[in-house]
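Chains, contacts and geometry: an overview
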Amino acid sequence: MIKDKRLSFYIDQWQLKWISKLLNMTLRAGVDSALLYIIVLPKNKGEELIPLTGKENDLEKEFRESDSVYAIDDNKILFLGFTTDENGIEIVIPKISKNIKNIVQKDVIIRIGHAIFPRDGYSFYELIHVIQKKLDAYATPKKGLELLSLDKKSQEKSKFNHNNLPIKNSSYSNIFNDARGSLFSKLITMDLELLWDGLHELSLADQTRFCLRLPYNVPLTNILAEKIKNKTPSKKKGIDVKKWIENLIPTMDFEKNLTERKKKQAAVIAKINRLESLSTIPSVAMQIYNVAIDPKSGIDDIQEIIQLDQVMTLKILKLVNSSFYGLSQRINSVKEAVIILGTDEITNMAFGLSLSASFKGPGLEGLIEPKTLWRHSVETALIGKYLCREKKALADQGIFAACILHDFGKLFLIENFPDKYRKIFELSREMQLPIYDLEEEVFGYNHGVISGIIARKWNLPESLIQAISFHHHPSSSESHADLAAIIGFANYLCSIDDQKHSSKITLLLKDHLDILESVFDDFTINSIEREVENSKTIIQDNKAIFSLLS
């Protein structure tokens, strides 16, 4: 059983992996799936109920084989409705409520929260966060709890109607949790005490989540972190703060923005599911990947596949013999490279390089070109490898390939939403805001998450998917926050020159810093400047690589 700060319950590791697998299948199928978190409480205080642990099969009996129930405690359940959308929720909830009643044979109160994947979140933890906010609305029967009684009259009286259930402080809490781009900028530039008065009303988890989104190097970040740590009291009464927030919301068009964002999220997913040019992995890359994961494959198998592509072979040999690796002897064959650098190193390198052909297209004239993205991806890969030089476990998870893929979502957005993406790019410069944050404001997803969705459709390793998806928000990763933080840091180090037009934009957040400090024993804020200089040297010393990899 595992527990971390993002969950309010313990969950079996096998269950978590299986849920992730089903969500993966959902994404490949191009449909929605519903995740429900259910808490069963006795109607009469102190009354004991039959434990639900071990009753999963009984609870599943009225559902499809593809739907799954996970008892995570004697009175807590996760239900995953495969291919169940928002409308299907109205059918699922009464069914599972009826099954619970049949098992416990007593009057019970059932608290239910739900989220739809991928609309409400791309990871299990994001879905749970959405669910937890909805659960807060069901504090008492008066607030919309479904009360199941054994007599039919009471059942009819308490008939479930999801659409009528209130969400406690929905606008109030959402404005801090869901504000992105220009809306987020308005929040963090307001009066500090007023901002803290608003944050003070939120849960500790929501306060922390808000703080992690701030740049690592601005005074506000440290000030808020201290207030959260010390539980600094608010200077205003809660009711005054709520009135202030309620007055602020209309001026920001917040609700309208959220509605548009949800629509665009659906459009993005629909485009990805229909897309052929980006949703089909290059054949050479897929062959390399299949050989890499096959325990029966050996050096000869890897060599044979790579050598089928003469251009690929040349690129690998030139890269291996470059100053980046600094080998004392010259490598003349792929087999020799595999022997010296290892199977994982060469397969990850080959996989990443095989994707270079995908960095083609019209681009956004005068703003961003696929070739520029490819060069940035290679630079990030070189820096990522450098950062992991003493962390073999991280390097073996495919840091080179993950860095190559981290901005792949930008190609998708450029190709499918060119006008909107041009506007985002221009707004980034005009308003001095990070592109990824404006992407989230407009599309509901940033390019990292979109890159991860495409990688998931390719059925790539979970480590790559998580790291790519959350390189801008590593703590959102379910299992590979360390790898995501390193990719985010490498991306930052390679983007310093691009950010010179604005002193306010930084791609490195407190979120990254907290994780990097836990990954690297001697990592501090002072380490960042040192790595900036080291990265410039690495890129300068390996200029020749970019021409040979083009």
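One structure accompanies this document, and this report is about it. (Residues numbered from 1 in each chain as written. Predicted model: local features only at pLDDT ≥ 70, side-chain atom pairs only at ≥ 80, totals over all residues. Heavy atoms only, no water.)

1. So, the overall build of the protein chain
As a reminder, the rule being used: We count a stretch as a helix when DSSP gives it H or I for four or more residues in a row; a strand needs E for two or more, and each element gets its number in order from the N terminus. Exposure classes here rest on a 1.4 Å probe applied to the protein chains alone. A residue is buried below 20% of its type maximum, exposed above 50%, and partly exposed in between. Throughout, a contact is declared for two residues whenever any of their heavy atoms are within 4.5 Å.
The helix and strand inventory of the protein chain stands at 29 helices and five strands. Looking at the protein chain as a whole, 55% of its 550 residues qualify as buried. Residue pairs in contact within the protein chain that sit at least 24 positions apart in sequence constitute 72% of those at least 6 positions apart.

2. Re the pattern of salt bridges
Here the idea is simple: oppositely charged side chains can pair when their charged atoms come close. Under the convention used in this document: By definition, a salt bridge exists where a carboxyl oxygen of Asp or Glu is found within 4 Å of a side-chain nitrogen of Lys or Arg.
Evaluation of the coordinates by the stated rule reveals 15 salt bridges. Close ionic contact of Lys 227 with Glu 193 constitutes a salt bridge, the shortest N to O distance being 3.6 Å. With Lys 227 in helix 10 (residues 219–230) and Glu 193 in helix 8 (residues 192–200), this pair connects stretches of sequence that are 34 residues apart. Of the charged contacts, one joins Asp 300 and Lys 335 as a salt bridge, the two residues approaching to 3.5 Å between their closest N and O atoms. With Asp 300 in helix 14 (residues 299–307) and Lys 335 in helix 16 (residues 334–341), this pair connects stretches of sequence that are 35 residues apart. Under the relative-accessibility criterion, Asp 300 is labelled partly exposed at 48%. Each of Arg 180, Arg 213, Asp 437 and Glu 440 takes part in a single network of salt bridges with overlapping partners.

3. Points about the pairing of strand 3 (residues 76–81)
Heads up, the condition is: By the convention used here, strands pair only if DSSP detects at least 2 bridges between them.
Most of strand 3 is tucked away, with six of its six residues classed as buried. Side chains of strand 3 alternate between two faces, with Lys 76, Leu 78 and Leu 80 and Ile 77, Phe 79 and Gly 81 buried alike. Bridge count between strand 1 (residues 33–42) and strand 3: six bridges; the pairing is antiparallel. Bridging across to strand 3, Ile 39 finds its partner in Lys 76.

4. Focus on the packing of helix 16 against helix 17 (residues 343–354)
Let me state the cut-off plainly: Helix axes are fitted only over the stretch in contact, all axes being lines through C-alpha atoms; the angle between N-to-C directions runs from 0 to 180 degrees. For classification purposes, angles smaller than 35 degrees are called roughly parallel, those larger than 145 roughly antiparallel, those between 65 and 115 roughly perpendicular, and all remaining angles oblique. Charged means Asp, Glu, Lys or Arg here, nonpolar means Ala, Val, Leu, Ile, Met, Phe, Trp, Tyr, Cys or Pro, and polar covers whatever is left, Gly included.
At a minimum axis separation of 6 Å, helix 16 and helix 17 run at an interaxial angle of 125°. Classified by the angle between their axes, helix 16 and helix 17 sit oblique to one another. Side by side, helix 16 and helix 17 meet where Ala 337, Val 338 and Leu 341 of the first sit next to Thr 343, Glu 345 and Ile 346 of the second. Class assignment for the residues of the contact of helix 16 with helix 17 results in four nonpolar, one polar and one charged.

5. Things to note about the nonpolar core
Using the following cut-off: Here the nonpolar core consists of buried residues drawn from Ala, Val, Leu, Ile, Met, Phe, Trp, Tyr and Cys, with membership extended through side-chain atoms lying within 4.5 Å.
Core analysis: the largest hydrophobic core is formed by 122 residues, its most contacted members being Leu 78 and Phe 124. Looking at this core element by element, the count peaks at nine residues for helix 26 (residues 481–493). Contacts of Phe 124, omitting those with residues within four sequence positions, involve Leu 7, Phe 9, Ile 11, Leu 16, Ile 19, Leu 35, Leu 78 and Glu 478. Counting 21 residues, the second largest nonpolar core, distinct from the first, contains Ile 38, Val 92, Val 108 and Ile 110.

6. Details of the packing of helix 7 (residues 181–188) against helix 23 (residues 435–443)
Between two packed helices, what matters for the description is the angle formed by their axes and the separation of those axes. Between helix 7 and helix 23, whose axes approach to 7 Å, the crossing angle comes to 115°. On helix 23, the residues that touch Gly 181, Ser 182, Leu 183 and Phe 184 of helix 7 are Asp 437, Leu 438 and Glu 441. Looking at the contact of helix 7 with helix 23 residue by residue, the class counts come to three nonpolar, two polar and two charged.

7. A closer look at the pairing of strand 4 (residues 108–117)
Within strand 4, nine of the ten residues are buried, leaving the element largely enclosed by the surrounding structure. Two strands pair when backbone bridges link them, and strand 1 and strand 4 are joined in this way by ten bridges, in the antiparallel orientation. Bridging from a neighbouring strand, Ile 38 pairs with Ile 112 of strand 4.

8. Brief notes about a nonpolar patch on the surface
Stated precisely, the cut-off is as follows: For patches, a residue must show more than 30% relative accessible area and have no salt bridge; joins then use 9 Å for like charges and 5 Å for nonpolar side chains, namely Val, Leu, Ile, Met, Phe, Trp and Tyr. For every accessible area listed, the method is Shrake-Rupley and the probe measures 1.4 Å; residues are considered covered only by the protein chains on display.
On the surface, a nonpolar cluster with roughly 240 Å² of combined accessible area is contributed by Ile 299, Ile 339 and Ile 340. Considering the arrangement of structural elements, one finds Ile 339 in helix 16.

9. Overview of the state of the cysteines
Such a bond, covalent and formed between the sulfur atoms of two cysteines, is termed a disulfide. We count it as follows: Note that a disulfide, as used here, is simply two cysteine sulfur atoms within 2.5 Å.
Overall, the coordinates contain zero disulfides when judged by the stated rule. The structure places no disulfide on Cys 494, whose sulfur is separated from the nearest cysteine sulfur, that of Cys 403, by 8.1 Å.

10. Structural notes on helix 22 (residues 418–431)
Put simply, the test is: Multiplying one less than the number of residues by 1.5 Å gives the expected span of a helix. By construction, the arc corresponds to the directions joining the helix axis to the C-beta atoms.
End to end, helix 22 covers 20 Å across 14 residues, agreeing with the expected 20 Å (1.5 Å per residue, within 8%). Of the residues making up helix 22, those classed as buried are Tyr 421, Ile 424, Phe 425 and Ser 428. Relative to the axis of helix 22, the buried residues are bounded by an arc of 95° and lie together on one face. Relative to its buried face, helix 22 has exposed residues pointing more than 90 degrees away, namely Asp 419 and Glu 430. In this fold, the buried residues of helix 22 make contact with helix 21 (408–416) and helix 23. The positive-phi residue at the C-terminal boundary of helix 22 is Gln 432, with phi of around 55°.

11. Description of the packing of aromatic side chains
Using the following cut-off: Here is the rule: rings of Phe, Tyr and Trp (six-membered ring for Trp) pair when centre to centre is within 6.5 Å. Planes less than 30 degrees apart are stacked, more than 60 are edge-to-face, and the remainder are tilted.
Tallying each qualifying case throughout the model produces twelve aromatic pairs. Arranged with centres 5.1 Å apart and planes meeting at 55°, the rings of Phe 417 and Phe 443 form a pair that is tilted. Here Phe 417 is found in the loop between helix 21 and helix 22, whereas its partner Phe 443 is found in helix 23, with 26 residues between them in sequence. Grouping residues by exposure puts Phe 417 and Phe 443 together as buried. Here Phe 489 and Tyr 492 contribute two aromatic rings whose centre-to-centre distance is 6.4 Å and whose plane-to-plane angle is 15°, an arrangement assigned as stacked. A residue pair is termed a helical-turn pair when its members lie 3 or 4 positions apart in one helix, as Phe 489 and Tyr 492 do in helix 26 at three residues.

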